[in-house]
Each structure stands twice: as structure tokens, then as C-alpha cells.
Amino acid sequence: MPENEAFFSDQTEQSATKAHIVSSYFTAWSRVIKKWDCRMAYIDLFCGPGRYDDNKPSAPIQIIQSTLSDPVLIEKMMFLFNDRDAANIESLRQEITSLDTGKKLSRVKYYTETIDIDTHSRLVIPRNVPVLSFVDPFGYKGLTRDLINKLIANSGSDCIFFFNYNRINMALSSNTKFDDHLAGIFGTERTSLLKAQLAPLSPTQREPVVIDALIDALLEDKSNYVLPFKFYSTEMLRTSHFIVFVTKNPVACKIMKQIMYTNSAKDNDGVATFSFEDSRNFAGSFSQLSLFDGPIKELERAMISKYQGQTVTVQELCDEVDCDFTNQFVSKNVTDVLKRMELEGKIAVVAGRKIKVRGGVPTMPKKATILFK
Ligand SMILES: C[S@@+](CC[C@H](N)C(=O)[O-])C[C@H]1O[C@@H](n2cnc3c(N)ncnc32)[C@H](O)[C@@H]1O
């Protein structure tokens, strides 16, 4: 079956979650950016037809719907939709026209360009326009670091892209056939180094090495923050792809980390794996009982080692983890750990809290000041 036909038949749980993460981020991003004195844009370079065969809406449709429900966004938003398949673009155009019955959206542009290795040099983004972009190819063709960096260059701009781990991992095992595409993502030197590093490794050992190389490549621009979120294959329990969020803004990182946390599988202590566990692969699986010695214990150790003998507010501790993309914790994990540590006498709340227990549950407000004993 051709790639397009297979992909756009019934929407998988994985595709639904991907679209949900993108549209949830659009809602959060647009809420902040619409207060700025400027236009704002959504750029979708591999947009697809808008709906799956079962009529479920994809990310572009969800984003158009949320724009149409907000008069400020109707006024400010510009849209660029691209797909090299003209039939997909025509279908999306019709979908959008049928939603925008009052013809309120005046800045929607459609293109049928083929995105390739040098698209970044042809893409023109007006200065001072914050952009949320979605780069969602089937494979790796057209996905380049230069493109991502261009898409996030303007202030207030963030990019979400699809990283086809399965295919990229295969390309990394090949001779030199795909090296130009791989170099577009990882850089030339990193690609040869990565291939040499991967050669002796088992399939499970390869995955963190590939993802670390991707993060390293994106962090060559030191102001970037990078958050990957993993999906498993629909057919079997094996990694299929990641969606990766890239931004220069710590607050944007914090917002997306929270959205990914909400959509992620979690252990018994509420620590996220930053992956989506679909019902086919994970039906009937149960999480292991934890006696508080899982990853969350690392969070306790890290806080003790940094703050022993010092005072700090809960808000500061929460901001530290929320804006840190190198760990899997979010503010809820911090407040959970602090509550347990208080019960164990390892910390004391010395200010900023009026009620210690509400409805039988200990409280840990963001304003509270903690003394690490
Ligand atoms: C994974 S699908 C995108 C799905 C879409 N984001 C959604 O949520 O429904 C990839 C799309 O990219 C288009 N495409 C594939 N290669 C392309 C290229 N090099 N340039 C532009 N579009 C391409 C395909 O026609 C297909 O519609």
C-alpha cells in the first residue's frame, strides 16, 4: 500500500496522541503569544489532508478549530500549509473552507513544495513573527537541523518534529547511501562518529546513543532546549519514533514538558517515562510496585545534595526541574517528594504555608519555604 494510503487510513492511537500534543501546545503557545504586539504563524511543512479515513481530525484541523474559537487569534494568525501531494493540499483546503464558514481566516497559504535538504535556504520567515512549526515527514528526507534552527530563530518560535527512529536507525546501519540525509540531521562528523559507535551495539543499546547524538546536534546551538517523547510501533513492542520539541525559551520548555508529562506513561511514584504506552502493546501490563526507590529517589538525592542546610522556596525547586530538559521530573514530582520528606523529618516548612493538612492530605504550596535539614 502506498505510504500516504496506509498512513491516512484509520487514525492510530499514536497519531491521535501526536496530534493532541501538537494542538495542546498550540493552545498554550497561542495563549501567551497573542498578547504580543505582532502577528503570529503556524507553519506545517508536511501537513497531510486534514482528516483520516475515519474522519478523525489531524493537527492542522484541530489548530484551525482552536483559532476559529478565538477572535484575537483570528485577527493575528497566519498559516502556511505545505504537502508535496496536491491531493492532500486540496483536501485540507476544503476541510478548512468548510470549518471557516464566515471566511474569517484571511491569511492561509497552501503550497505543494517538496521539502528537501536545502529547503531552509529557500524558506522566508518575516522577522518579528513568532512561529510554531510542525515538521512531520514519513521518514527523514527533508528533516534537517538547519531547517529546525531556521524555524525557531525568531523570538517566541518553537518547533515540533517527527524523528523516525526506526528508519534513521536503519539508515545509520547502511553503507554511505543515506549519508547526505543523515548529515543534514546530525552533521557530517557526528554521522561518521555515530556510525562507528553504533556498529558493535545491540538494538537496545543503540537507541540512547542515537537520541543523545540528536540532542547533541541540536544543542550545538547552545541556547536550544530539546524534549523528546517516544512512541512504540503499532505492530510490536519496539520503538517506532519520537516527537521532538525544540525551543530557545525556558518557559516554552516548561509548558511542553508539562504537556508531555500529561500524555506520558508514569511509574507508581508518578514519574513520567516521556513515552506513550498504547493499548495494543501495553494492554494487561502492570506497573511494578515501588517502595519509593525508583527514579524519584534520585530527585530526593539531588535536592539534598544541592540544598542541605539551606532554605529555598517550593516554587524555585519546581522551576528548576520544569525548565530542565535533561531529567524526567516535573513540579508534581517535586511536591510529592517534599511531602514525603517532611513526613520523614528530612525537611521542615519554615514559612509560606498556612495549612499543613487539608482533607487529610498534606499540603506543599509553591509559596512555602523549605529548610533542608
Ligand atoms: C506523516 S504524513 C503527515 C501527517 C500530518 N502531519 C497529520 O498529522 O495528518 C507526511 C505527509 O508529508 C507529505 N510528504 C512526504 N514527503 C514530502 C516532502 N519531501 N515534502 C513535502 N511533503 C511531503 C506526504 O504527502 C504526507 O501527507
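What counts, and where the lines are drawn
- Residues numbered from 1 in each chain as written.
- Predicted model: local features only at pLDDT ≥ 70, side-chain atom pairs only at ≥ 80, totals over all residues.
- Core = buried A, V, L, I, M, F, W, Y, C linked by C-beta atoms within 7 Å.
- Buried ≥ 20, exposed ≤ 12 C-beta atoms within 10 Å, placed from the backbone.
- Helix = DSSP H or I, 4+ residues; strand = E, 2+ residues; numbered from the N terminus.
- Domains from an automatic or database assignment.
- Contact = placed C-beta atoms within 7 Å.
- Axes fitted to C-alpha atoms, helices over the stretch in contact; angles between N-to-C directions.
- Parallel < 35°, antiparallel > 145°, perpendicular 65-115°, else oblique.
- Left-handed = near helix turned anticlockwise from the far one by under 90°.
- Nonpolar A, V, L, I, M, F, W, Y, C, P; charged D, E, K, R; others polar.
- Expected span 1.5 Å × (residues − 1).
- Arc of directions from axis to C-beta.
- Near = placed C-beta within 6 Å.
- Pairing = 2+ DSSP bridges.

J.: Outline the nonpolar core, listing residues and values.
T.: Core analysis: the largest hydrophobic core is formed by 87 residues, its most contacted members being V135, F161 and L227. A per-element tally of this core places helix 2 (residues 13-33) first, with seven residues. Among the domains, domain 1 (3-248) and domain 2 (295-372) are the pair contributing at least three residues each to this core. Those residues in contact with F161, other than ones at most four positions away along the chain, are V135, L143, I148 and V244.

J.: Please give an account of the domain arrangement of the chain that cites residues and values.
T.: We note that the domain assignment places domain 1 (3-248) and domain 2 (295-372) within the chain. With centres defined by C-alpha atoms, the gap from domain 1 to domain 2 works out at 35 Å.

J.: Talk me through the packing of helix 15 (residues 314-322) against helix 16 (residues 331-343); I want residue IDs and the actual numbers.
T.: It is the contact of helix 15 with helix 16, at a shortest axis distance of 8 Å, that shows an interaxial angle of 135 degrees. Viewed along their axes, helix 15 and helix 16 adopt a mutual orientation that is oblique. For helix 15 against helix 16, the interelement crossing comes out right-handed. Contacts between helix 15 and helix 16 involve V314, L317, C318, V321 and D322 on the former and, on the latter, S331, N333, V334, T335 and L338. When grouped by side-chain class, the residues that make up the contact of helix 15 with helix 16 number six nonpolar, three polar and one charged.

J.: Summarise the environment of W36; cite the residues concerned and give the values.
T.: Within the fold, W36 resides in the loop between helix 2 and strand 1 (40-44). Along the chain, W36 and S173 lie 137 residues apart, while their C-alpha atoms are 46 Å from each other.

J.: Outline helix 11 (residues 203-218), listing residues and values.
T.: The terminal C-alpha atoms of helix 11, which comprises 16 residues, lie 23 Å apart, in line with the 22 Å expected from a rise of 1.5 Å per residue. Here helix 11 has its buried residues at V210, A213, L214 and L218. Looking straight down helix 11, one finds its buried side chains confined to an arc of 130 degrees; they lie on one side. Opposite the buried face of helix 11, by more than 90 degrees, sit the exposed residues T204, Q205, P208 and D212.

J.: Just give me the short version of the site of the ligand, but keep the residues and values in it.
T.: Taken together, 20 residues form the shell around the ligand, and within it F46, G48, S58, I115 and D136 come nearest. A breakdown of the residues in the shell around the ligand according to their chemical character gives eight nonpolar, seven polar and five charged.

J.: Residue-level account of the sheet that holds strand 3 (residues 108-111), with values.
T.: Strand order in the open sheet made by the eight strands is 3-2-1-4-5-7-6-8, with mixed pairing throughout. Each edge of the open sheet is held by one strand with a lone partner, namely strand 3 and strand 8 (275-276). Sheet topology note: the strand 6 (residues 225-232)/strand 8 ladder contains two bridges and is parallel. From the neighbouring strand, K230 faces strand 8, where its bridge partner is S275. The sheet contacts of helix 8 (residues 165-173) involve strand 5 (158-163) and strand 7 (239-247), and relative to strand 7 the element is tilted by about 100 degrees. Strand contacts of helix 11: strand 5, strand 6 and strand 7, with the helix running at about 150 degrees to strand 6, the strand carrying the most contacts.

J.: So what's going on with unusual backbone geometry? Which residues, and what values?
T.: Even without glycine at this site, N55 takes up a positive phi of about 75 degrees. Considering the arrangement of structural elements, one finds N55 in the loop between strand 1 and helix 3 (59-68). On the neighbour-count criterion, N55 (8 C-beta atoms within 10 Å) is exposed. Backbone geometry at N128 places phi at a positive 65 degrees, although glycine is not the residue there. Tracing the sequence through the fold places N128 in the loop between helix 6 (119-122) and strand 4 (131-135). For N128, a count of 12 C-beta atoms within 10 Å corresponds to the exposed category.

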